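The lines below spell out each chain.
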Amino acid sequence: MPMTMSQKILAAHAGLKEVKAGQLINAKLDLVLANDITGPVAIKEFKKSGAEKVADAGKIALVMDHFAPNKDIKSAGQCKLCRDFAAEQGLENFFDVGEMGIEHALLPEKGLVGAGDLVIGADSHTCTYGALGAFSTGVGSTDMAAGMMTGECWFKVPSAVKFVLRGKPGKYVCGKDLILHTIGMIGVDGALYKSMEFFGDGVKHLSMDDRFTVCNMAIEAGAKNGIFPVDALTLEYMNGRFGRSPRIYMADDDSEYDEEYEIDLSALRPTVAFPHLPENTKTSDEWGDIEIDQVVIGSCTNGRISDLRAAAKIFKGRHVAKGVRAIIIPATQQTYLQAIEEGLIETFIKAGAAVSTPTCGPCLGGHTGILAEGERCVSTTNRNFVGRMGHVTSEVYLASPYVAAASAVTGRLSAPDEV
Amino acid sequence: MEVKGRVFKYGNDVDTDVIIPARYLNTTSEKELASHCMEDIDPGFIKNVKAGDVIVAEDNFGCGSSREHAPLAIKACGVSLVIANSFARIFYRNSINIGLPILECPEAVAAISSGDTVSCDLGKGVIKNETTGKTFKAEPFPPFIQEIIADGGLIKHIALSNKNKT
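Since the model is a prediction, treat every value here as computed from it, not as a measurement.

A. Structural context of the overall build of chain B. Across its full length, chain B holds 8 helices and 7 strands. Projected onto the principal axes, the alpha-carbon positions of chain B cover approximately 50 × 40 × 25 Å. When the 166 residues of chain B are sorted by exposure, 57% land in the buried category. For chain B, the accessible surface area stands at approximately 6,600 Å², while carbon and sulfur atoms represent 53% of it. Looking at chain B, you have 18 positive and 21 negative side-chain charges, and the mean spots of the two groups are 5 Å apart.

B. Representation of the nonpolar core within the structure. Formed by 172 residues in total, the largest nonpolar core has its most connected members in F61, I83 and I127 of chain B. Setting aside residues up to four positions removed in sequence, I127 of chain B forms contacts with I83, L103, C105, A108, I112, V118, S119, C120, K134, T135, F136 and A138 of chain B. Formed by 39 residues, the second largest nonpolar core is a distinct cluster that contains W287, A321, I345 and Y397 of chain A.

C. Seen up close, the packing of helix 6 (residues 175-186) of chain A against helix 7 (residues 208-216) of chain A. Residue and element names in this part refer to chain A. One way to put it is that helix 6 packs onto helix 7 with a least axis distance of 8 Å and a crossing angle of 25°. Classified by the interaxial angle, the pair formed by helix 6 and helix 7 is roughly parallel. Helix-helix and strand crossings are classified by hand; for helix 6 and helix 7 the assignment is right-handed. Residues G175, K176, L178 and I179 of helix 6 form the contact with helix 7, whose participating residues are D210, T213 and V214. Within the contact of helix 6 with helix 7, the residues separate by chemical class into 3 nonpolar, 2 polar and 2 charged.

D. Local environment of the packing of aromatic side chains. What the rule picks out here adds up to 17 aromatic pairs over all chains. Between the aromatic rings of Y172 of chain A and Y402 of chain A, the centroid separation amounts to 5.0 Å while the plane-to-plane angle is 65°, which identifies the pairing as edge-to-face. Linking Y172 of chain A in the loop between strand 8 (160-166) and helix 6 with Y402 of chain A in helix 13 (residues 401-410), this pair joins segments that are 230 residues apart in sequence. A ring pair is formed by F61 of chain B and F91 of chain B, whose centres lie 5.3 Å apart and whose planes are at 85°; its orientation type is edge-to-face. With F61 of chain B in the loop between strand 2 (54-57) and helix 4 (69-76) and F91 of chain B in helix 5 (residues 89-98), the pair connects residues that are 30 residues apart, well separated along the chain. By relative accessible area, which is 2% here, F91 of chain B ends up buried. Counting every residue linked through ring pairs, the aromatic cluster contains F163, F198, F228 and Y261 of chain A. The lysine or arginine in question, K71 of chain A, covers the ring of F67 of chain A, its NZ or CZ lying 4.8 Å from the ring centre. When the ring centre of F155 of chain A is taken as origin, the NZ or CZ atom of R93 of chain B, which lies over that ring, is 5.9 Å away.

E. Examining the interface of chain A and chain B more closely. Facing 49 residues of chain A, the contacting portion of chain B comprises 40 residues. Counting the surface lost from both chain A and chain B, the interface buries some 3,600 Å², and carbon and sulfur atoms represent 59% of this. Where chain A meets chain B, there are 3 salt bridges. Two residues, D143 of chain A and R93 of chain B, come together in a salt bridge whose shortest N-O distance is 2.8 Å. Seen at the junction of chain A and chain B, the total is 19 residue pairs in polar contact (both at pLDDT 80 or more). At the level of secondary structure, the elements contributing two or more residues to the side of chain A that touches chain B comprise helix 2 (38-48), helix 3 (73-89), strand 6 (135-138), helix 5 (141-150) and strand 7 (152-156) of chain A. With 7 residues, helix 5 of chain A is the largest single contributor of residues to the side of chain A that touches chain B. In terms of residue class, the side of chain A that touches chain B is made up of 23 nonpolar, 15 polar and 11 charged.

F. Representation of the pattern of salt bridges within the structure. All names here are of chain A. Counted under the stated rule, the structure contains 29 salt bridges over all chains. The residue K47 makes a salt bridge to E88 at a minimum N-O spacing of 2.8 Å. Residue K47 is found in helix 2, and its partner E88 is found in helix 3; the two are separated by 41 residues along the sequence. Take K47: its relative accessible area is 42%, and that puts it in the partly exposed class. The partner of R309 in a salt bridge is E342, and the shortest N-O contact between them spans 2.8 Å. With R309 in helix 10 (residues 305-315) and E342 in the loop between helix 11 (333-341) and helix 12 (344-350), the pair connects residues that are 33 residues apart, well separated along the chain. By relative accessible area, R309 is classed as partly exposed at 36%.

G. Representation of the side chain of S119 of chain B in the model. Turning to its location among the elements, S119 of chain B is positioned in strand 5 (residues 117-121). If we skip the residues at most four places from it in the chain, S119 of chain B touches E2, V3, K4, V126, I127, K128 and E130 of chain B.

H. Summary view of the environment of A232 of chain A. Residues and elements named next belong to chain A. In this fold, A232 is placed in helix 8 (residues 232-238). Look at A232 and you get exposed, because its relative accessible area is 60%. Spatially, the C-alpha atom of A232 lies 37 Å from that of R318, the residues being 86 residues apart in sequence.

I. Layout of the sheet that holds strand 4 (residues 93-95) of chain A. All names here are of chain A. Sheet architecture is open: 5 strands sit in the order 4-3-2-5-6, paired in parallel fashion. Lying at the two open borders of the sheet, with one neighbouring strand each, are strand 4 and strand 6. Geometrically, the sheet is characterised by an average inter-axis angle of 15° between neighbouring strands, direction not taken into account.

Calculation criteria
- Residues numbered from 1 in each chain as written.
- Chains lettered and ligands numbered in written order.
- Predicted model: local features only at pLDDT ≥ 70, side-chain atom pairs only at ≥ 80, totals over all residues.
- Heavy atoms only, no water.
- Helix = DSSP H or I, 4+ residues; strand = E, 2+ residues; numbered from the N terminus.
- Buried < 20%, exposed > 50% of the residue type's maximum accessible area, 1.4 Å probe, protein only.
- Areas by Shrake-Rupley, 256 points an atom, 1.4 Å probe, with all protein chains shown as cover.
- Lys, Arg positive; Asp, Glu negative; His and termini not counted.
- Charge placed at Lys NZ, Arg CZ, Asp CG, Glu CD.
- Core = buried A, V, L, I, M, F, W, Y, C linked by side-chain atoms within 4.5 Å.
- Contact = heavy atoms within 4.5 Å.
- Axes fitted to C-alpha atoms, helices over the stretch in contact; angles between N-to-C directions.
- Parallel < 35°, antiparallel > 145°, perpendicular 65-115°, else oblique.
- Left-handed = near helix turned anticlockwise from the far one by under 90°.
- Nonpolar A, V, L, I, M, F, W, Y, C, P; charged D, E, K, R; others polar.
- Phe/Tyr/Trp six-rings, centres within 6.5 Å; stacked < 30°, edge-to-face > 60°.
- Lys NZ or Arg CZ within 6 Å of the ring centre and 35° of its normal.
- Buried area = accessible area lost by both parts, 1.4 Å probe.
- Salt bridge = Lys/Arg side-chain N within 4 Å of Asp/Glu carboxyl O.
- Polar contact = N/O pair within 3.5 Å; in protein donor to acceptor, adjacent residues only side chain to side chain.
- Pairing = 2+ DSSP bridges.

In structure tokens:
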């Protein structure tokens, strides 16, 4: 029975020779993850169950990134609860302020996830690690609690949608444009319950950071996971970080897909998702005149070093438009330091942008950039739902770092070649 | 188990950010979460919802974040059942894991309006629109998921499975 990449990873972790779409399996996990929002609910469930010790203290990661540095007293309480639990259970991978970064940038950077892994996280963007050739998917807090208790999780084996990437992306086009284009094409439930598997000679033209961005937003098409094949670039990324041996699973040539799409990367243009769904995509020729109040560059989607380099390319020698607030959030401490060393932070500050310590903050309307009534933000984050970044009448336009930086400079939604 | 209540009906892609906005996620108190349920999509919901009421929605209900606070808030408001054409996958898992009854039944969704009274035999998946008298049959859950529901959620299911092993 031919299998997809995702199915092979699930089969291997379930101790089965083969699995087929729709089959219910129980599989062993390489890592379970939660943050300061979902962690407390998981810990509560864990305690309620009467369990005393986690199954494997080395296979749990808790990252204080959402409302941290603590935005208010209640958030401080949530982080404290996680901190106390991590100490009590001897968790090796508890990341607090000063060490933490946005979880889905941090875990790959620290080498805690890698090729062939099976990972669940109580955060919907856990699907990011598919960029490394892992099967990773978001779950809720109760699944997380069960994962901590047993080291296992149940899965319904997904079918898959195949995306064949051809050609090379043009100037100012990056992973964000590709995934927004894809979601625009198939819709916010276009891959519901399924895997999104990426193939083709275009893959080699996508950096690891691009691939992280693409897999990160697989959930915005309803997908269970997104995944790229492992190539020389993936191995180079994992080399020296990933503590375990990479396990490389390739899809069988004759594996079946529910649908197949071919995407010509050279034909992509800067793409933006208009409010209030990630599927409301428009290319730069369709934007019209949209005045903006704020720009956010960061998040688990686009807060990595290449994203900051892209933004700095636009900001260099330019200034944020009067009346616009630009907020730049490196995703991890390592990224922040690298951005300082490369002079990117100096470029941002000279351009009149604010730079923050790593946090998810504004992406989910938590803190550090909340929108007032009727305000508009161009953001490199992943969701533009009603009220996502603040007031219920505020608007979020999802874009690449190039587009976000260009928009900050002009004060309206702008393509990078306009500045 | 039989549930019965008045219907609050919504459209496609009701996301977890409108079910429970992130600004309220600094607590795990179900009561507090419930007091803000659906606030950004339907400010009147929390004032009008009564124990037993039913949410009916179209495609992809619960899309977006993995926050279990969303089904927890709905359940804590007293909602007895959510019927939709389809559910986003994490919301689907979370609802089963915490014991919020959900059913997929496009025929029922098409024939139920806001304010109708609906009853349902959850075990059989038979939905009745008491206002119009029409009945519908939802797709049953796979047996494995029915076991989780019957055991009272995932954590209790694991505890019971472990007990049976020893």
